[in-house]
Amino acid sequence: MRYLLKKKFWSLGTKFFVYDDEGEPVYEIRGKFLSWSDQFSLLDLEGNVLAEIHKRSFQWKPRFGIYRDGELFAEMVQNFTWTKKRYTIEAPNANYVVEGNFWDYQYQVERDDEPIAEIASPFWVWENGYGIETVDEADDILVLCACLIIDRVKTRKREAMRRSSD
């Protein structure tokens, strides 16, 4: 499946959409981004909550809980290496790794060492957006949550750098 997200969707407010490659909305994102701890939800178009994401406060590394049906389903953590950033997702049935060039939106998601999603700015994506392409066996909701988390971490860092340069 292919999905489209805008790079600067956080500036649109607390409600925006995830689109398919035809430009049709398929999911809705709602959130509280100005709160002390980021919280946002991924919903279907009927308003049913598919997943909720909560940033864990007071953590040394960025850490987010991904909840389904009100229960912690997975936890995503940003890990630092000497050469690049890497995220891990601990889920009940598999271990996920997200690696690549996050600043240029060129990264992939692997489940148990098998690629399940590519995130990039290919030719079929809007000028100011990026695409997510998943394999049939992928947990698309978990992959979309990972993309939202990465983009939010990047946005927070840009905001902090901008404030420190003022």
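For the structure, check the block above.
Residues numbered from 1 in each chain as written. Predicted model: local features only at pLDDT ≥ 70, side-chain atom pairs only at ≥ 80, totals over all residues. Heavy atoms only, no water.

Student: Help me out: how do you make sense of the packing of aromatic side chains in this one?
Tutor: Aromatic ring pairs are reported here in terms of the distance separating the ring centres and the angle at which the planes meet. One pass over the structure, following the stated rule, counts two aromatic pairs. A ring pair is formed by phenylalanine 17 and tyrosine 19, whose centres lie 6.5 Å apart and whose planes are at 55 degrees; its orientation type is tilted. The cationic tip of arginine 68 hangs over the ring face of phenylalanine 73; the distance from NZ or CZ to the ring centre is 4.3 Å. (Phe/Tyr/Trp six-rings, centres within 6.5 Å; stacked < 30°, edge-to-face > 60°. Lys NZ or Arg CZ within 6 Å of the ring centre and 35° of its normal.)

Student: I would appreciate a short explanation of the pattern of salt bridges in the present structure.
Tutor: Two side chains with opposite charge may pair up if their charged atoms get near one another. Overall, the coordinates contain six salt bridges when judged by the stated rule. The closest approach of N and O atoms between arginine 30 and glutamate 28, which form a salt bridge, is 2.5 Å. With relative accessibility at 38%, the residue arginine 30 sits in the partly exposed group. Arginine 86 serves as the salt-bridge partner of glutamate 99, at 3.5 Å between the closest nitrogen and oxygen. In this pair, glutamate 99 sits in strand E9 (residues 95–101) while arginine 86 sits in strand E8 (residues 85–90), placing the two residues 13 residues apart along the sequence. Exposure remark for arginine 86: the relative accessible area of 29% places this residue in the partly exposed category. (Salt bridge = Lys/Arg side-chain N within 4 Å of Asp/Glu carboxyl O. Buried < 20%, exposed > 50% of the residue type's maximum accessible area, 1.4 Å probe, protein only. Helix = DSSP H or I, 4+ residues; strand = E, 2+ residues; numbered from the N terminus.)

Student: Would you take a moment to explain the pairing of strand E6 (residues 63–68) for this structure?
Tutor: Sheet topology places strand E5 (residues 49–55) next to E6; four bridges connect them, and they run antiparallel. Counted as the bridge partner of lysine 55 is phenylalanine 64 from E6. Sheet topology note: the E6/strand E7 (residues 71–80) ladder contains six bridges and is antiparallel. Residue pairing across strands places arginine 68 opposite glutamate 71, the latter belonging to E7. Connecting E6 to the next strand, E7, in antiparallel fashion are two residues, including aspartate 69 with a positive phi near 55 degrees. (Pairing = 2+ DSSP bridges.)

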